[in-house]
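What the coordinates show
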Amino acid sequence: MQIRQLKDLLKDFDKNVTYDQDLKKKNWFNIGGKSKVFYKAENLRDLVKFLKLLDNNEKIFIIGAGSNTLISDNIFDGVVIKLSKNFNRISLLREDVIISGSGVLDSSLSSFAAENNLSGFEFLSCIPGSIGGGIKMNAGCFGREFKDILLSIQAIDQKGNLITIPSKEINFDYRSNDLSGDLIFLSASFKGTKSNFNKVNSEVIKMKSLKEKNQPMRIKTGGSTFKNPINQTDKKVWELIRESVAIDTKFGDAYISEKHSNFFVNKGNATFNDMKKLIDFVSKKVLEKTGIKLDKEIKILE
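Bear in mind that the values here come from a model prediction, so they are computed numbers and not experimental data. (Residues numbered from 1 in each chain as written. Predicted model: local features only at pLDDT ≥ 70, side-chain atom pairs only at ≥ 80, totals over all residues. Heavy atoms only, no water.)

**So, the overall build of the protein chain**
- Within the protein chain one finds seven helices and 21 strands.
- Relative to its length of 302 residues, the protein chain is compact, with a C-alpha radius of gyration of 20 Å against a globular reference of 19 Å.
- With the C-alpha coordinates of the protein chain rotated into their principal frame, the extents come out at 55 × 50 × 30 Å.
- The burial tally for the protein chain puts 50% of its 302 residues in the buried class.
- For the protein chain, the share of sequence-separated contacts (at least 6 apart) that also reach a separation of at least 24 residues comes to 64%.
- Accessible surface for the protein chain amounts to roughly 14,900 Å². Of this, 46% is attributable to carbon and sulfur atoms. (Helix = DSSP H or I, 4+ residues; strand = E, 2+ residues; numbered from the N terminus. Rg over C-alpha atoms; globule rule 2.2 N^0.38 Å. Buried < 20%, exposed > 50% of the residue type's maximum accessible area, 1.4 Å probe, protein only. Contact = heavy atoms within 4.5 Å. Areas by Shrake-Rupley, 256 points an atom, 1.4 Å probe, with all protein chains shown as cover.)

**Quick word on the layout of surface pockets**
- In this structure, the second largest pocket occupies an estimated 180 Å³ of space.
- Taken together, Asp173, Tyr174, Lys227, Asn228, Pro229, Ile230, Asn231, Gln232, Lys293, Leu294 and Asp295 form the lining of the second largest pocket.
- Tallied by class, residues from the lining of the second largest pocket come to four nonpolar, three polar and four charged. (1 Å grid on protein atoms, 1.4 Å probe; cavity = no way out; pocket = protein on both sides within 12 Å on 5 of 7 lines; lining within 4 Å. Points joined across faces, edges and corners; volume = space filled by probe spheres on them. Nonpolar A, V, L, I, M, F, W, Y, C, P; charged D, E, K, R; others polar.)

**Quick look at the nonpolar core**
- Ranked by size, the top nonpolar core spans 29 residues in total, and within it Leu109, Phe121, Leu124, Ile135, Ile153, Leu179 and Phe190 carry the most contacts.
- Elements supplying a minimum of two residues to this core: α3 (106-115), α4 (131-137), β11 (150-156) and β15 (184-191). (Core = buried A, V, L, I, M, F, W, Y, C linked by side-chain atoms within 4.5 Å.)

**Some points on the environment of Gly101**
- Position of Gly101 among the secondary structure elements: in strand β7 (residues 97-101).
- The class of Gly101 is buried, set by a relative accessible area of 7%.
- Excluding residues within four positions of it along the chain, Gly101 makes contact with Phe87, Arg89, Ile131, Leu186 and Ser187.

**Overview of the environment of Ile170**
- Structurally, Ile170 is set in the loop between β12 (162-166) and β13 (172-173).
- On the accessibility criterion, Ile170 (6% relative accessible area) is buried.
- With 160 residues separating them in the primary sequence, Ile170 and Leu10 have C-alpha atoms 34 Å apart.
- Residue contacts for Ile170: discarding those within four places in its chain leaves Leu150, Ile153, Ile165, Asn177, Asp178 and Leu179.

**Observations concerning the sheet that holds strand β20 (residues 263-266)**
- Read from one edge of the open sheet, four strands run β17-β20-β19-β18, paired in antiparallel fashion. On the outer flanks of this sheet lie β17 (221-224) and β18 (250-251), each paired with one strand and no other.
- Direction of pairing for β17 relative to β20: antiparallel, over a ladder of two bridges. Across the sheet, residue Thr221 finds its bridge partner in β20, namely Val265. (Pairing = 2+ DSSP bridges.)

**Observations concerning the sheet that holds strand β2 (residues 34-41)**
- As summarised here, the arrangement of the four strands in space is β1-β2-β5-β3, forming an open sheet in which the pairing is mixed. On the outer flanks of this sheet lie β1 (17-22) and β3 (60-62), each paired with one strand and no other. Neighbour to neighbour, the strand axes of the sheet diverge by 35° on average, direction disregarded.
- Taken together, the five bridges between β1 and β2 define a ladder with antiparallel strand orientation. By the bridge assignment for β2, Val17 is matched with Tyr39. (Axes fitted to C-alpha atoms, helices over the stretch in contact; angles between N-to-C directions.)

**Some remarks on the pattern of salt bridges**
- Under the defined criterion, the tally for this structure stands at 16 salt bridges.
- Among the salt bridges present, the one from Asp148 reaches Lys147, with a minimum N-O distance of 3.0 Å.
- For Lys147, a relative accessible area of 35% translates into the label partly exposed.
- A salt bridge links Lys235 to Glu243; its shortest N-O distance comes to 2.6 Å.
- Residue Lys235 is classed as partly exposed on the basis of its relative accessible area of 35%.
- Judged by relative accessible area, Glu243 falls into the partly exposed class, the value being 37%.
- Overlapping salt bridges, with partners in common, bring together Glu145, Lys147, Asp148, Arg175 and Glu297 in one network. (Salt bridge = Lys/Arg side-chain N within 4 Å of Asp/Glu carboxyl O.)

Here's what the structure looks like:
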């Protein structure tokens, strides 16, 4: 739809809708252009109404923490939706089950679990994203994944229909699952194991220390760029990149991290094209050198 039509259709959402919204500051790469429409959903009732008005006539992209998202410098011809703090609530359902909003940061859920003497969530302290994004890609580290603690998901489709999906009905794979791509995750329930704060916190500290030692921190990066090709080799993707590409390879201000070669960095004013060229170049060189085809872990919005 044209902007004029959308403004008329969405007039009741004026205070929460922005047109030609700059997306550059809404992702960790600090790269990106604008979205035709940007909607901040205050609550579930408004989100349902908003989606029913759109009636699946616009492309929709849900942005969470923006930790693994590369956004085009062009205008996204669709609607970007950001869930408000009302989707950031955490509570105990029972002593070993936590209900978490999809906008909650993974690290916040890990901290909440520790404070309530629950183990199993420690790995989340090292994943720089939100619960919704973690579910979508079955995020994980240190041998643990979302599927290991997930009980059920509460979601909404792009026509405004609410659904609950038990985890046993979801087929999970490494960094993926078979959930429909048009679902917007609202909340999820997770099961932990009773423990004590000191034991859980000790494990969190150990994991964070290992992460800080091996991965770049506090810089403009999208995290792991490629998935480990577990069905093709036992080698980690960073090893394949090291073997195939010069570590000083760069396009504009888009660099390969010297600390971890699967992390690509915006060292200043890298454009989308700079970063995309680097990603494509590395993928091509690894294929030429090793015969292994890499799949991107990072999400690209074009």
